[in-house]
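Report on the structure
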Amino acid sequence: MFSRLLTPRWVLAHLVVAALFVATFFLGYWQLTKAEAGGGAVNWSYALQWPLYGFLGLWFYVKMCREEMHRDPDADEPGASLVLYQRPRIDTTGDPELAAYNAYLAELNEKALGQRGNRDR
């Protein structure tokens, strides 16, 4: 279950989120020192907002990880979603070569749909 979150892509995301989470506290501390040194109300508000941004980002990231763990891994397979399909009409008027080619394509399509139907069962 947790192995999905240990792929190289997710590990990189974990490291980036951890670094950004820590950075928000350094930025909050920096704004706090500016506010204590005589800064205005803006510095005081940023001193409170930076850690809040860090916790908010961490909350969203944890939520994203939980959704990834509960996601169906087969949902990303091609053909897993509903596809509306209309059988092609074969134009038999006009060019006989074109009609033969269209019939050949329709036959290939029927075979592919048959194989897909057998696989889904």
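Notes on the structure in this doc start here. Model, not experiment: these values are computed from the prediction.

1. Details of the overall build of the protein
On a plain count of helices and strands, the protein comes out with three helices and zero strands. Secondary structure elements of the protein, listed N to C terminal, follow the sequence α-α-α. The buried share of the protein, taken over its 121 residues, is 14%. Taking as baseline every contact in the protein between residues at least 6 positions apart, the subset at least 24 positions apart corresponds to 55%. Entry remark: accessible area of the protein is about 10000 Å², with carbon and sulfur atoms responsible for 65%.

2. Some words on a nonpolar patch on the surface
There is a patch of nonpolar side chains on the surface, built from Leu98, Tyr101, Tyr104, Leu105 and Leu108 and spanning about 470 Å² of accessible area. Tracing the sequence through the fold places Leu98 in helix H3 (residues 96-120). The partly exposed category is assigned to Leu98, whose relative accessible area is 40%.

3. Considering the side chain of Thr24
Looking at the secondary structure, you find Thr24 in helix H1 (residues 8-36). Classification of Thr24 by relative accessible area gives buried; the value is 10%. Residue contacts for Thr24: discarding those within four places in its chain leaves Trp50, Pro51 and Gly54.

4. Overview of the pattern of salt bridges
A complete count under the given rule lists two salt bridges for this structure. Close ionic contact of Glu68 with Arg71 constitutes a salt bridge, the shortest N to O distance being 2.9 Å. For Glu68, a relative accessible area of 15% gives the class buried. The partly exposed category is assigned to Arg71, whose relative accessible area is 28%. Between Lys111 and Glu107 there is a salt bridge, with its nearest N and O atoms 3.6 Å apart. Taken together, the residues span about one helical turn, with Lys111 and Glu107 both in helix H3 at a distance of four residues. Note on Glu107: relative accessible area 43%, which makes it partly exposed.

5. Quick look at helix H2 (residues 41-69)
The terminal C-alpha atoms of H2 lie 42 Å apart, and with 29 residues this matches the ideal 42 Å at 1.5 Å per residue to within 8%. Inspection of H2 places Asn43, Ala47, Pro51, Gly54, Tyr61, Cys65, Glu68 and Met69 among the buried residues, and these make up the whole buried set. For H2, the secondary structure elements touched by its buried residues are H1.

6. Thoughts on the nonpolar core
Ranked by size, the top nonpolar core spans five residues in total: Leu5, Trp10, Tyr61, Cys65 and Met69. It is H2 that contributes the most residues to this core, three residues altogether.

7. Quick word on the packing of H1 against H2
When two helices pack together, their arrangement is given by the angle between the helix axes and the distance between those axes. Between H1 and H2, the least distance of the axes is 6 Å, while the angle of their chain directions is 165°. Accordingly, the angle class assigned to the pair H1 and H2 is roughly antiparallel. Our pair here, H1 against H2, has a crossing hand that is left-handed. In the contact of H1 with H2, the residues fall into 18 nonpolar, six polar and three charged.

Basis of the calculations
- Residues numbered from 1 in each chain as written.
- Predicted model: local features only at pLDDT ≥ 70, side-chain atom pairs only at ≥ 80, totals over all residues.
- Heavy atoms only, no water.
- Helix = DSSP H or I, 4+ residues; strand = E, 2+ residues; numbered from the N terminus.
- Buried < 20%, exposed > 50% of the residue type's maximum accessible area, 1.4 Å probe, protein only.
- Contact = heavy atoms within 4.5 Å.
- Areas by Shrake-Rupley, 256 points an atom, 1.4 Å probe, with all protein chains shown as cover.
- Patch = residues over 30% accessible without salt bridge, like charges linked within 9 Å, V, L, I, M, F, W, Y side chains within 5 Å.
- Salt bridge = Lys/Arg side-chain N within 4 Å of Asp/Glu carboxyl O.
- Expected span 1.5 Å × (residues − 1).
- Core = buried A, V, L, I, M, F, W, Y, C linked by side-chain atoms within 4.5 Å.
- Axes fitted to C-alpha atoms, helices over the stretch in contact; angles between N-to-C directions.
- Parallel < 35°, antiparallel > 145°, perpendicular 65-115°, else oblique.
- Left-handed = near helix turned anticlockwise from the far one by under 90°.
- Nonpolar A, V, L, I, M, F, W, Y, C, P; charged D, E, K, R; others polar.

None of this, on its own, says anything about what the molecule does.
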